[in-house]
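# Summary of the model geometry
Next come the chains, spelled out residue by residue.
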Amino acid sequence: MAQHHQKVVLVGDGAVGSSYAFALMQQGIAEELVIVDIMKERTEGDALDLEDAAPWTFNKNVYSGSYDDAKDADLVVITAGAPQKPGETRLDLVDKNLKIIKSIVSPIVESGFNGIFLVAANPVDILTMAVQKFSGFPKNRAFGSGTSLDTARLRMALAKKFNVSPEAVDAYILGEHGDSEFANFDEALIGGRPLKLWAAEAGISDADLDQILYDTAHKAYEIINRKGATFYGIGTSLARITRAIFRDEKMVLPVGAWMEGQYGLNDIYIGTPAVIGANGVEAVIEATLSEEEAAKMAASAKTLKEVAEGGFARLDA
């Protein structure tokens, strides 16, 4: 009897896509990786380059392919799209990338693909909505990277501030993956103790924490201004989500999940902790928020809805 193997189709072989592919190689995630991009020669070159890592890491079948290869894939990861340029916000990209997403999703669905869509192209919350809308897939099997990268940035910043490992920090960035995101400082923990207690003992004020949040939310701009793009962090975040899916870990990760009443929100993808397993988003965890944080979540959702509605209206015009 043929044994099931785990297959990923990566759409988009730019800096983010190739960083994700490299992370899969290094971590031994998936047995088959197909790379798809309009720049065919680049995907062929990347496949040849990546396979050279296999003898020292994990054996994997890596090759350049097409949308048809999605027919028996377990996971399609979409990183394709116009990149964010210096001076642009993620929301500025919406019109360009909605058209690109539509051109990607249709042939993938036509191939017979029946797995999970994981979206990382920006603005990720809106493009995740587009993938679900264009594919007709269940909401749990079309979701986004959401605030996974932002949460990693926050935990790293807090770890440096309090001189602990980032693994000891239990804090989340919630809301839009973008300028309206916020941190759950009031509920965050370090080593099981409230972050606010650590801060009080260390003489760190709420204003100091707000600066950490600002630096976290704007870190992408700092990286883009210096090297043109961000890719290692998001590539690794996508690999972590992929591992949770393929190993059915039931891991709680911050992703862009569909809201059905959580936080008082409906009909939108937004960053929140969720249980990730073999079925994709298996449960949305409604994080406890203070009154001020709940207002920030509502404001972030309002921003996303307004931009999404405008983008879809222009696309359909």
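Residues numbered from 1 in each chain as written. Predicted model: local features only at pLDDT ≥ 70, side-chain atom pairs only at ≥ 80, totals over all residues. Heavy atoms only, no water.

### Here we look at the sheet that holds strand β10 (residues 189–190)
Reading across the sheet, the 3 strands line up as β7-β10-β11 and stay open at both edges, with antiparallel pairing between neighbours. What marks the edges here is a single partner per strand, and that holds for β7 (169–170) and β11 (193–194). Alignment of β7 against β10, held across 2 bridges, turns out to be antiparallel. Bridge assignment links Asp-170 to a residue of β10, and that residue is Leu-189. (Pairing = 2+ DSSP bridges. Helix = DSSP H or I, 4+ residues; strand = E, 2+ residues; numbered from the N terminus.)

### A look at helix α2 (residues 40–51)
Each full turn of the α-helix corresponds to 3.6 residues, which orients residues three or four apart in the same direction. Here α2 spans 17 Å end to end across 12 residues, near enough to the 16 Å set by a 1.5 Å rise per residue. Considered for burial, the residues of α2 that qualify are Thr-43, Asp-46, Ala-47 and Leu-50. End-on, the buried residues of α2 take up no more than an arc of 100 degrees, which puts them together on one face. α2 presents Glu-41, Leu-48 and Asp-49 as exposed residues on the side facing more than 90 degrees away from its buried surface. (Expected span 1.5 Å × (residues − 1). Buried < 20%, exposed > 50% of the residue type's maximum accessible area, 1.4 Å probe, protein only. Arc of directions from axis to C-beta.)

### What to know about the environment of Asn-61
Mapped onto the fold, Asn-61 is located in strand β3 (residues 61–64). Discounting residues that sit within four places of it in the chain, Asn-61 has contacts with Glu-31, Glu-32 and Leu-33. (Contact = heavy atoms within 4.5 Å.)

### What to know about the pairing of β3
Residues Val-62 and Ser-64 line the buried face of β3, whereas the alternating positions Asn-61 and Tyr-63 sit on a face that is not buried. Pairing analysis gives 4 bridges linking strand β2 (residues 32–36) to β3, with the strands arranged parallel. Within the sheet, the bridge partner assigned to Glu-32 lies in β3 and is Asn-61.

### Considerations on unusual backbone geometry
Geometrically, the link from Asn-122 to Pro-123 is a cis peptide bond, its omega value of 0 degrees lying close to zero. The residue Pro-123 is located in the loop between β5 (116–119) and α4 (124–135) in this model. Of note, Asp-267 is a non-glycine position whose phi angle comes to about 60 degrees, a positive value.

### Observations concerning the packing of aromatic side chains
According to the stated counting rule, one finds 7 aromatic pairs in the structure shown. Geometrically, the ring pair formed by Phe-162 and Trp-198 is edge-to-face, given 6.2 Å between the ring centres and 80 degrees between the ring planes. Taken as a pair, Phe-162 in helix α5 (residues 148–162) and Trp-198 in helix α6 (residues 195–202) lie far apart in primary sequence, 36 residues in all. By relative accessible area, Phe-162 is classed as buried at 8%. Above the ring of Trp-258, the side-chain terminus of Lys-139 is found at 5.0 Å from the ring centroid. (Phe/Tyr/Trp six-rings, centres within 6.5 Å; stacked < 30°, edge-to-face > 60°. Lys NZ or Arg CZ within 6 Å of the ring centre and 35° of its normal.)

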